[in-house]
Amino acid sequence: MPRERATVTCRVCDGTVHEFLDLGRQPLSDAFREPDCDTEEFFFRLAVGQCESCTMVQLTESVPRDKMFHEDYPYHSSGSAVMREHFAGVARRFLATELAAPDPFIVEMGCNDGVMLSTIHQAGVRHLGFEPSGRVAELARTKGVRVLTEFFEDSTAARIREAEGPAQVIFAANTMCHIPYPNSVFRGVDALLAPDGVFVFEDPYLGDLVEKTSFDQIYDEHFFLFSAHSVRAMAEHHGFELVDVERLPVHGGEVRYTLARTGGRTPSAAVADLLAEEDARGLSDMETLRGFAAGVMRVRDDLVALLRRLRTEGSSVVAYGATAKSATVTNFCDIGPELVSYVCDSTPAKQHRMTPGKHIPVRPPTAFRDPYPDYALLFAWNHADEIMANEQEFRRSGGRWISYVPNVRVL
Ligand code: SAM
Ligand code: TMP
Ligand code: ZN
């Protein structure tokens, strides 16, 4: 008999969360293991549901934050030239707008290696990054960025308000969706943000996930999958208003949400437009989410069939980009070193380790050329243009890329 699942409560509004996709037993997506490591690996059940009250899509189980974000957290935001340019642009825009007043102050949660705040620092503007992961925080400091190695939450934010005054901007990229305690974060934002300040965050967009069947955006760190509807509800729950939205091409499709205190600013037309588009698509409907889940099963079956066929034919297959996303793909699809010999990745902190759960060796990109494989499975599909531009010789040598977003195909 199937075990009855406990009712899951929404982390935003306490409503009931209904599960629509089970991705099974999964490891920590960024826990790359040393080859000789014999400690037991941590696993949890990765499943996604939607709140029947506020529509927020969220994991049904959360992983303790210290297991994910710690001294050894290996993700370096500056590893992509496209992302470096993206965040320099974000900083320049804040400098020209919200930070144009005298003695402005900007706070970033999840500043990582300082990819955004380094431009703010160079402009001589007062700033502070909250970054609990020690090693990446240290990298930010080497760029002159002021960083607190702490989690942003109600108490830490209130302390900074007390000591340093209000912030005109609180920014978070690929971090708000990582935080399963948004109510504490909003209390912190409420304490620290200037009365007319803005809280801006950008994260993977549920609309893109559904459109592209990009289920690999779902992993331990991505606790929430936001839409304009669910973010509006979350904002209203805390006395804020969604005043602007902007779709972004980065990381496979994101939305930048701008929140202000209720009544403080006039919402842009883009907000109403995106809400209407989501309504027209039925993005908040359980039926749509169940359809997405069915698509995920198809992608898994197609990908495994292709990799098995290539193995039978004797082709060499490796992967490119040891992304956190690929932990979901390899563990859900049961893809190990027998189907993909190794994954190459430019991040030193991941190299010469093994991928979480499936233990595929991670090698530096130099290994990719020595010799080129027949096929390369593109785990970092969100950086496809940048990677393919850097690796043009692979195709010239007869190699072929494999993608599984939005469907499985040889490029
Ligand atoms: N903002 C960077 C970017 O977009 O590339 C980094 C994103 S990284 C995926 C998420 C970062 O958020 C990690 O460096 C992690 O340590 C940090 N983080 C997690 N929880 C946090 C919290 N409560 N406050 C501040 N940072 C947090
Ligand atoms: P992300 O999709 O979470 O940003 O992770 C991308 C991963 O791919 C990260 O581990 C760095 C790696 N990578 C390369 O190996 N080569 C590249 O050219 C780029 C852009 C990323
Ligand atoms: Zn809810």
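Residues numbered from 1 in each chain as written. Chains lettered and ligands numbered in written order. Predicted model: local features only at pLDDT ≥ 70, side-chain atom pairs only at ≥ 80, totals over all residues. Heavy atoms only, no water.

**Q** I would appreciate a short explanation of the pairing of strand β6 (residues 126-130) in the present structure.
**A** The side chains of a regular strand alternate, first on one face of the sheet and then on the other. Taking burial as the measure, the 5 residues of β6 include 4 buried ones, the bulk of the element. Looking at chain direction, strand β5 (residues 105-109) and β6 are connected through 5 bridges and run parallel. Counterpart to V107 in the pairing with β6 is L128. Each parallel crossover has a hand, and for β5 linked through helix α3 (residues 117-122) to β6 it is right-handed. The sheet contact formed by β6 and strand β7 (residues 147-148) spans 2 bridges and is parallel. (Buried < 20%, exposed > 50% of the residue type's maximum accessible area, 1.4 Å probe, protein only. Helix = DSSP H or I, 4+ residues; strand = E, 2+ residues; numbered from the N terminus. Pairing = 2+ DSSP bridges. Right-handed = clockwise from strand over helix to strand, strands pointing away.)

**Q** Is there a simple way to think about the coordination of the zinc ion (ligand 3) in this case?
**A** The expected angle between donors at a tetrahedral four-coordinate metal is 109.5 degrees. At an octahedral six-coordinate metal it is 90 or 180 degrees. Ligation of the zinc ion (ligand 3) by protein atoms is provided by C10 (SG), C13 (SG), C51 (SG) and C54 (SG), these donors lying 2.2 to 2.4 Å from the ion. Sequence positions of the residues that donate to the zinc ion (ligand 3) give the spacing C-x2-C-x37-C-x2-C. C54 matches C51 in its accessibility class, with the two residues each being buried. (Donors = N, O, S within 2.8 Å, 3.2 Å for Na, K, Ca; no water.)

**Q** How should the sheet that holds strand β17 (residues 400-403) be read in this particular structure?
**A** Within a sheet, neighbouring strands are paired by backbone hydrogen bonds and run either parallel or antiparallel to one another. The strand order across the open sheet built from 6 strands is β15-β14-β13-β16-β17-β18, with neighbouring strands paired in mixed fashion. In the strand order of this sheet, the two ends are held by β15 (362-363) and β18 (409-410), each with one partner. Judged from the 2 bridges that link them, β17 and β18 form a sheet pairing that is antiparallel. For I402, the partnering residue across the bridge sits in β18 and is V410.

**Q** Honestly, the site of ligand 2 in this entry has me stumped. Any pointers?
**A** Taken together, 18 residues lie around ligand 2, and K325, D345, K350, N382 and H383 are the ones closest in. Here an oxygen atom of ligand 2 and a side-chain polar atom of K325 are 2.6 Å apart. The separation between an oxygen atom of ligand 2 and a polar side-chain atom of T347 is 3.3 Å. Protein contacts shield 93% of the accessible area of ligand 2, which totals 480 Å² for the unbound molecule. Here the shell around ligand 2 gets 3 residues from one element, more than from any other, and that element is helix α13 (residues 384-390). Residues belonging to the shell around ligand 2 are distributed by class as follows: 5 nonpolar, 9 polar and 4 charged. (Near = heavy atom within 4 Å. Polar contact = N/O pair within 3.5 Å; in protein donor to acceptor, adjacent residues only side chain to side chain. Areas by Shrake-Rupley, 256 points an atom, 1.4 Å probe, with all protein chains shown as cover. Nonpolar A, V, L, I, M, F, W, Y, C, P; charged D, E, K, R; others polar.)

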